[in-house]
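Results of the structural survey
The residues making up each chain are set out below.
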Amino acid sequence: MFYETTITGTYKTMICHSTYRIAAAMTIDGRIDVITEDGAKNCTKKDAQPCVAAWHPTRKLLGCTWASGQIGIWCDQENILREANAHQTAITSLEWGPNGNRLVSADNDGQVFVWKTDARGRLWSLCQYRLKGFITRCLFRKNLNETNESRTTECPPFFLGSSSGIVYYADDMGHCSEAAQVSSAISGLLFSENKEILVVVSGADMILSQFSLSPDGKLTPERSVKLGANLTTSNAMLEFQWVVPGIIAYSFGGSAIRILDLAREETDSLIVPSMENVRITSMAMNQERHIIAGGTDSGHIVMWKCHFRVKDDEVIPEWQAMPKLNAGGLPERISWGCSGDMLSIQKKGSIKIYDSHSTSWALCGNVSAVQTSPTKVSLVTTSKKSLEAITSIRIRGVAISKQHFVVWNGKYAEVYEFSQELSSTQLLGVLTTEASWVGIDDTSIYLRYRQRVDICNHKGTVKQVVNLDESQGDIVAVDVCSSRLAIFTSRNRLQLHSASKNELKLLTDIVLFGDIAQKEGITRRIHSIRINCDGSQVSFATEPVLIGTEGGFAPRLYIYHIDRNVTHYHEFEDSNHLTIVNHFWDLNDPRILVYEMESARLAQKDLTEDDVVREIFSFFTSVDHGVNLQEHYSVSGSNQQLAGVKTPYHYFVKVAQDFGDSDPPQLLQTTAPDFAGISALDESSVKAVAEFRFQLSIGNMDEALKSIKNLKARSIWESLAKICVKKKRLDVATMCLANIEHVRAMQAMRTPWVKNGDVNVKAAVLALHLGLDEEVPKLLFESGRLDILNEFYQSCGKWEQALQIAALSDRVNLRTTFYKFGKHLNELGDSLGAIAAYESSAVAGVDIPLMLLETNELELEKYIQSTSDKSLLRWWAQYTESAGNYEESLKYYDLAGDVLATVRVHCAMGNINQGIAIAEKTSDPAAFYFVARQQEQEGKIRDAINSFSQAKCFNLATKLAKEHDMNEELMHLALQGSPEAMIDAANYYTSFSDIERAITLYHKAGNISKAVELCFKHGHYSLLGEIALSLDLSCDRTLLAQCAEFFIQNRQFEQASRLLLASGKFDEALDICVKHNILLTEEMADAMKLPQEDQNKEKELLIRVAECCMRQNSYHLACKKFTQAGDRLNAMRALLKSGDTEKIIVFANASGQKIPEIQVAAANYLQTLDWRNDQRIMKAIIAFYTKAKAFESLAGFYEACAQVEIDEYQNYEKAHGALRESIKCLNKAKVVTNREQKLEFLQQRMQSIGKFVEARSLIKGNHKEMLQICEGLLKNPDIEFSVRTGDIYGLMIESHYANGDHQQAFEVLQLMKRKLGSKVSLSYYVDDQILVALREAGSQNTYEEENDIPEELSQS
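Residues numbered from 1 in each chain as written. Predicted model: local features only at pLDDT ≥ 70, side-chain atom pairs only at ≥ 80, totals over all residues. Heavy atoms only, no water.

In terms of helices and strands, the chain carries 46 helices and 59 strands. Across the 1356 residues of the chain, 52% fall into the buried class. A sequence separation of at least 24 residues applies to 44% of the contacts in the chain between residues at least 6 apart. (Helix = DSSP H or I, 4+ residues; strand = E, 2+ residues; numbered from the N terminus. Buried < 20%, exposed > 50% of the residue type's maximum accessible area, 1.4 Å probe, protein only. Contact = heavy atoms within 4.5 Å.)

Our focus in this paragraph is helix 43 (residues 1285–1298). Here helix 43 contains 14 residues, and its C-alpha end-to-end distance of 20 Å stays within 8% of the 20 Å for a straight helix at 1.5 Å per residue. Counting buried residues in helix 43 gives 11 out of 14 residues, a clear majority hidden from the surface. Taken together, the buried positions of helix 43 are Thr1285, Gly1286, Asp1287, Ile1288, Tyr1289, Gly1290, Leu1291, Met1292, Ile1293, Ser1295 and His1296. The positive-phi residue at the C-terminal boundary of helix 43 is Gly1300, with phi of around 85 degrees. (Expected span 1.5 Å × (residues − 1).)

With respect to the helices and strands, Thr542 occurs in strand 50 (residues 537–546). We classify Thr542 as buried; its relative accessible area is 1%. Of the polar contacts made by the side chain of Thr542, one reaches the backbone oxygen of Arg556; its length is 2.8 Å. (Polar contact = N/O pair within 3.5 Å; in protein donor to acceptor, adjacent residues only side chain to side chain.)

Turning our attention to the sheet that holds strand 46 (residues 484–489). The 4 strands lie next to each other as 45-46-47-48, forming an open sheet whose pairing is antiparallel. What marks the edges here is a single partner per strand, and that holds for strand 45 (475–481) and strand 48 (505–511). Between one strand axis and the next, the sheet turns by 15 degrees as a mean value, whatever way the strands run. Relative to strand 46, strand 45 is paired through 6 bridges, and the arrangement is antiparallel. If you follow Val478 over to strand 46, its bridge partner there is Ile487. (Pairing = 2+ DSSP bridges. Axes fitted to C-alpha atoms, helices over the stretch in contact; angles between N-to-C directions.)

With that out of the way, let us pick up the sheet that holds strand 41 (residues 437–440). What the 4 strands build is an open sheet, ordered 41-42-43-44; its pairing is antiparallel. Both edges of this open sheet fall to strand 41 and strand 44 (462–467), since each of them pairs with a single strand only. Strand-to-strand twist across the sheet, computed as the mean angle between neighbouring axes with direction ignored, equals 15 degrees.

Here the focus is the pairing of strand 5 (residues 39–45). Across a regular strand the side chains alternate sides, sitting on one face of the sheet and then on the other. Relative to strand 5, strand 4 (residues 31–36) runs antiparallel, the two being bridged by 6 bridges. Each bridged residue has a counterpart across the sheet, and for Ile35 the counterpart in strand 5 is Ala40. Where strand 4 folds back on strand 5, the antiparallel hairpin that results is connected by 2 residues.

What follows covers the pairing of strand 8 (residues 70–75). Where burial is concerned, most of strand 8 is hidden: 5 out of the 6 residues are buried. Of the pairings in the sheet, the one linking strand 7 (residues 61–66) to strand 8 comprises 5 bridges and is antiparallel in character. Bridging from a neighbouring strand, Leu62 pairs with Trp74 of strand 8. Hairpin connection from strand 7 to strand 8: 3 residues lie between these consecutive antiparallel strands, with Gly69 at a positive phi of about 95 degrees. Counting the residues in the hairpin turn of strand 8 and strand 9 (residues 80–85) gives 4 residues, including Asn79, whose phi is positive at 60 degrees.

All right, on to the pattern of salt bridges then. Taken as a whole and judged by the stated rule, the model has 45 salt bridges. Put simply, Glu78 and Arg120 hold a salt bridge, and the shortest N to O gap is 3.1 Å. Of this pair, Glu78 sits in the loop between strand 8 and strand 9 while Arg120 sits in the loop between strand 12 (111–117) and strand 13 (123–130), and the two are 42 residues apart along the sequence. For Glu78, a relative accessible area of 34% translates into the label partly exposed. (Salt bridge = Lys/Arg side-chain N within 4 Å of Asp/Glu carboxyl O.)

The next thing to look at is a nonpolar patch on the surface. There is a patch of nonpolar side chains on the surface, built from Tyr412, Leu427 and Val430 and spanning about 260 Å² of accessible area. Following the sequence through the fold, Tyr412 ends up in strand 39 (residues 412–418). When its relative accessible area of 37% is taken as the criterion, Tyr412 is described as partly exposed. (Patch = residues over 30% accessible without salt bridge, like charges linked within 9 Å, V, L, I, M, F, W, Y side chains within 5 Å. Areas by Shrake-Rupley, 256 points an atom, 1.4 Å probe, with all protein chains shown as cover.)

Caution is warranted with low-pLDDT regions, since their predicted coordinates should not be read in detail. For the chain, the mean per-residue pLDDT works out to 80, and 84% of the residues sit at or above 70. This model gives residues 547–552 a pLDDT under 50, and the stretch forms 24 contacts once residues within four places in sequence are excluded. Across residues 1338–1356, where pLDDT falls below 50, the model places 30 contacts with residues more than four positions away in sequence or in other chains. (pLDDT = per-residue confidence, 0-100.)

Okay, the side chain of Gln1159 next. In this fold, Gln1159 is placed in helix 37 (residues 1156–1167). A relative accessible area of 0% places Gln1159 in the buried class. Side-chain polar atoms of Gln1159 contact the backbone oxygen of Ala1148, separated by 3.0 Å. Apart from the residues lying within four places of it in its own chain, the contact partners of Gln1159 are Ala1148, Ser1151, Gly1152, Phe1184, Lys1187 and Ala1188.

Okay, structure coming up:
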């Protein structure tokens, strides 16, 4: 609910404080007002218009600016404005640092000042910058890893967004640099601390840009997103804020608020519910409560609450619409403040503030103080006694002790005393205090401030004070119990004080949870803390504040054990959509802690009381065993909240939904589920049961049994059995049942399917017999026995759940479940429901007629007419036929598509022609068969034979044809019938000497031998050729040989050879193939196989086949057969004849080194190819010669290679190398004819080539030495065997030319002409350009006369 405050006045803008219930508003005439729930208070007034304002993050300090360039800080505590003059133009941006010790201001000229501030609001200028364009946004960079000290003393760097589209990165030390550039003026900046990403929005073109941030402030662009159409007007609204870092909410004046998930790259829209043609005019995000508020042009505030769900390690937001507020006018601006508890709405002529407030209440013992109106408190007890007290303040909180209660509102606190009989109250004192929380016990009042706690007496006199400094953080939670005071700060510091005997003693001062943000990527906000009844443990209820979108983010319960300095926690893993409400320690047992959470059904657009569910979790805590969940149950209704715990009871306060409700508050005493039925026990029995529960939860069975050995009551043992079933301790549960002699449960445990089941099945059976029906589904789900769960729901009458289980997880029993459901509905008299269930069970054709026949046959006929179930239509047709109503039966047989029954009824009615017509129209074999039988009975044999043929019953047709001597029809029918029918007809024709038809039928039936035998016996050789094509190995070999002889006599050698092969006479078949040139195919060759035991003959046969293939030029097949015979050399020879180079290389490689002749033959063949231009062939030749160790042949090949290099490429270097390899091969060879002469010759060639190569290398160096070498080579009479004389002369000419001696070059050219003769082309040895140059150098006359220069060169 909300407290509503309206402030009248025309304001330009307003801003709410993030921590306190206070706002600031600025008017056009220069006035700045501070607004509280008591109204507006004027702070200051200037002659210039105010520009921007900003609240200090933790103090009541307001930064103010004006169009004249003035800047100041209003200190609300001192009621004074402290000013500074630095800017000359209107200020456009004002931003506090996260620690509140720095303030950044910027003006229209691009002037930026960084100010240092103190707790009183005084300003000192630290540095300034002059930037391009004016600054539109300022955003400080926060660091998760900074220490507590650095957070207090240091200022993080900050970003500045300008109208020029530049993003600057600056600090308070005078460092400023351009970090990024976007396309237009920057409308907003967002920064994610844990992901180190910066989001920049340029407003004019509606582009969102994402940058990654390095530690030194460098921005790297990652992506750009177009948010919408360009903004066309200067006053168009564009607002965007983090929902959580990574998920952005933004609006630009449309009909919806849009949600952009950067990680999943998905966009969602929040449409205004139940309202059409409305536009969003303003937007604000409540980061603490995850609520988006949007102002509409209809004058309403619409809100959505975000619940986060984890799926596949992704955080997915789900939005729930909340009740809208009537703003009473067009909301121009809205903003949240006071940690999300205050919503301010600026509209024309006024500001409206909604202050969120929940009904306050407190419990002590059996008395609860409950707020019933803004100024009233009711004291109520479990016995329904009540007493109402009226206060003089607007209540924001209430606390109670045994005889006192206190109410407060942030300005005042009133202390009351009440009588134990709740007959009267007395005001003890009024305290003027701005404490944010007030606690009370029997002797003292505790007041919580930002960094201190005051301890007063009930009159308000301060007795003691607990002070904290800035490094320890702000106080966020306080609790008092058993004279212990627990204080927890924003820096995760816990202080525990002893407040007994008017002395304040510090017991513990420790920092907790320091590494959570770094390890998990989330921070946790303390929702509440509690001290247990003996002061030994402190509990912390925490809820996550998302700073990233990866990982889980469930609420968590922490327990700190003071004496041992140990922390345990419990995380609610399956807690999607759960929010923390409260938690309490047991008033008597220090180990029991109860936790309350709230969940809502998000599918509902408008929440009602029943949509809200309170989840109650009960835990046992101990320093040695941590936190153990004991029980969990749900309570419906949002107006019923847990107030306290005192075993065996849980206390709930039932409060009104609104202060206007007339229902009085109630304090309900509810028995905890584990104590159901035994709540009226004495204190010792309660302690024994509690001890049993604790020992059972930690697995200490000896102590658990020892704690209950003295208990006798049957109800206690039954309750203990239930506890054991919930904990799945079936051994102890069985013992408890034995003590109460629960025979049925014990007998059920011995049934085979339970005995062989897992622990969940056994626990479910015990739960069923103990009345724990709500536990049965959970246990059966865990066991996976959903078939049993289906039966359980059926037995409980929960048919909807049973059908759902069957449809989703137990489909094998789906039809059975529908059938049983139909029987159930039939027993209830719900015929329509039963019909639908029977139809789903696929038994409509049986059970529906039976059901309706018993009740109303007219209804049955109507149902039959409306159904399309053919089985049901057929049943009704049979029913009417049995009643003699043939016309009706024909109608329904036709609807059912039963042609046979239709024809049968027509024949029974004497309309056989009509039946024949229907059979012919539908071509239904069964109908034709029935007609054929009718025609046979009437003696219409030909018609019957025709109908049998139409029914595909050819055997019956041939039988009729034989019986009535219809030989012509018999042959046609037999050919369409089965092989048995053909043979039967063939025997029939044989008996009548119709041999030709008999042969044809025997052949078609597959009895080839009989057909051939008849052909030879009766001389029907004309049919033998066709039959021979069907002969195979399955036929008698004698018969095959006889047919082959017949074909030989008739010179049909191809068929004869094939039959000889089939009969196994391979030699005769080969002779025919060779003699008559019959092509031996691969199929025929592969068919020539002898038994494995006769291997020698097999080899001879394969060689004969191969030789035959060689004669027929089938070289590949010959190679195959030679290889199968083991003659690989002849196989290679066959391949060589085929000329298939690829297969020759493969075969040679596969043959290995056992038969070197194969390698040599392959190499010799490859030398006949163009090996000079194919390196692969050259390498194969070398490899084959090497494998065969034919080194002499390899030497000859290397020598040939050397000559090719000389003749074709003039590459004497390679030739020299080839000759070297040739000499090596000759030396390796074992036997070489004239080895010495060959080696001497090769060495001489190598020597000459080596000298020539040396001369080539000296052409650019020692000219004379090169000439001497060439002249020496020319003197060798056998030089032509090694080096071509033309190459020597060409080298000499090139050398002379290169040294400028053209005359000498010309003379060598003339000598070369004479030595080589006129038929040799000089251009082969001398470069064409050199020949032309020699002519132009002065020797052209003689040269041209002797035609030394080619004609084409002379013309050039």
